[in-house]
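For reference, the chains in residue letters:
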Amino acid sequence: MALLCAGGARADDPDAGALMLADQAPEPTQQSGNLRTFIEAAHGGATRRNNGGAQDNQRLSLDIRHDRSFSPGWRAFLADRLDMSWPAPAGAEKHINTLKEAYLSWQARPETLLDAGRVNVRNGVATGYNPTDYFRGGALRSVVSISPASLKENRQGSIMLRGQGLWNSGSLTMLYSPKLSDQAGTGGGLSPDVGATNHRDRWLATVSQKIGAGLTPQFLIYREAARPTQFGLNLTGLINDATVAHLEWSGGRGPSQLTRALGPPAPACPCDSWRNHLATGLTHTTANKLSLTGEYHYNGAGLDKAEWNALGQAAPRIYGQYRGWAQSAQEPPTRRMLFFYGTWQDALINHLDLSAMHHFDLVDSSRRTWLEARYHVGNVEYAVQALRNRGRQMSNFGAIPESRSWQAVVRYYF
């Protein structure tokens, strides 16, 4: 998970390389070159919470990524993914196409770039929750894995104009994403769904500046039409040669998530209060390629314990509407969370990568655990994933219909 335009880290700069550990989750092996294409087949199953019934599912996916320089200073980039699922996910269509990115890039000068088109803007240094990832809302069309890397990679970008200026110790990025449609989800599963990402005018300015050895803060200013300005900060720092501390914060005035989910508030409601959003933690990497991350998440617009308990006693329609909004916005429904993430590359044997993730909700004590084993050899990858959701009825993870699920995946790179 990379900082947007934070400046490329040199291979001979150990501080820069270590800092990148805090905001990058290991990704599967990828082909080099201008074209990367793979096909992925998955078979899985889930156990329903209410009746204990089991349901099998199958998926076939095609992912294409093409990066081509066609003239001095000009580059075209395309990333697209087609997911075909049987049966169709709840509330979704059987065939879903995600146009992740499609844009032209012009390097006017060595230190100046301009991009135009659909761009997947990803900000943040934390792993499990990214308050400064302002363009994530409405971007997910098909969830094939809850891995943090998959959620950021397999989503649709926003149509925008982006300019970047680089210098030796930092960068400046400014972008504008216009309103192009009022309606999201129109046109079916194969449509580009412009309304999900470009439903209002949006602006973002990002500046990064190295201010010392191993310290490069990133400052963000974000604005949506008819909404208050939001401010962000990403900060990473070395504690020692193997440990990186990271802090990601976003703050600004705005309504609560419940207000946004249910519609306009009553006139007397003091909804536009200052809200803080925070993800902070440590990443420790050992000599044998084991990386461990622990984080604390705070969502100031989410519900505290009393509000969350009251919502659980409300009408099912209201509870479901709030849960649906939070899922689309990729925001935690509650206020406080603990998060743990571990990866072990070349674990036990070469080419075997193990990953584990755990969420613990500090508001209702519900929890979610995800495990993955991935083995890659040549052009083929094999993976097995397991997920378990636990908690009381109507809790964050206890209300998810599937108490357990698993899937086996085979991926072939062309």
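Rules of the game
Residues numbered from 1 in each chain as written. Predicted model: local features only at pLDDT ≥ 70, side-chain atom pairs only at ≥ 80, totals over all residues. Heavy atoms only, no water. Helix = DSSP H or I, 4+ residues; strand = E, 2+ residues; numbered from the N terminus. Expected span 1.5 Å × (residues − 1). Buried < 20%, exposed > 50% of the residue type's maximum accessible area, 1.4 Å probe, protein only. Arc of directions from axis to C-beta. Contact = heavy atoms within 4.5 Å. Polar contact = N/O pair within 3.5 Å; in protein donor to acceptor, adjacent residues only side chain to side chain.

1. Considerations on helix α6 (residues 316-329)
Phase 1 of the analysis: Given a rise of 1.5 Å per residue, 14 residues ought to cover 20 Å, and the 20 Å separating the end C-alpha atoms of α6 matches this to within 8%.
Phase 2 of the analysis: Of the positions making up α6, those classed as buried are Tyr319, Tyr322, Arg323, Trp325, Ala326 and Ala329. Buried residues of α6, viewed axially, fall in a sector of 160°; they line one side. What points out from α6, more than 90 degrees from its buried face, is the exposed set Pro316, Arg317 and Gln327.
Phase 3 of the analysis: Each element contacted by the buried residues of α6 is listed here: α4 (257-262) and α5 (305-312).
Phase 4 of the analysis: A positive backbone phi angle near 55° is found at glutamine 330, which sits one or two residues after α6.

2. Quick notes on unusual backbone geometry
Phase 1 of the analysis: Cis rather than trans, the peptide bond between tryptophan 86 and proline 87 has omega equal to -10°.
Phase 2 of the analysis: Tracing the chain through its elements places proline 87 in the loop between β3 (74-86) and β4 (95-109).
Phase 3 of the analysis: A positive phi angle, close to 50°, is found at aspartate 193, a residue other than glycine.
Phase 4 of the analysis: Assignment of secondary structure puts aspartate 193 in the loop between β7 (170-177) and α3 (194-197).
Phase 5 of the analysis: The phi dihedral of leucine 348 is positive, around 70°, even though this residue is not glycine.
Phase 6 of the analysis: Tracing the chain through its elements places leucine 348 in the loop between β14 (336-344) and β15 (352-361).
Phase 7 of the analysis: Leucine 348 sits in the exposed class, given a relative accessible area of 69%.

3. A word on the environment of histidine 66
Phase 1 of the analysis: Relative to the assigned elements, histidine 66 resides in strand β2 (residues 54-71).
Phase 2 of the analysis: Owing to a relative accessible area of 26%, histidine 66 belongs among the partly exposed residues under this scheme.
Phase 3 of the analysis: In this structure histidine 66 touches Asn34, Leu35, Ala76, Phe77 and Leu78, once residues within four positions along its chain are discounted.
Phase 4 of the analysis: At 3.4 Å, the side chain of histidine 66 forms a polar contact with the backbone oxygen of asparagine 34.

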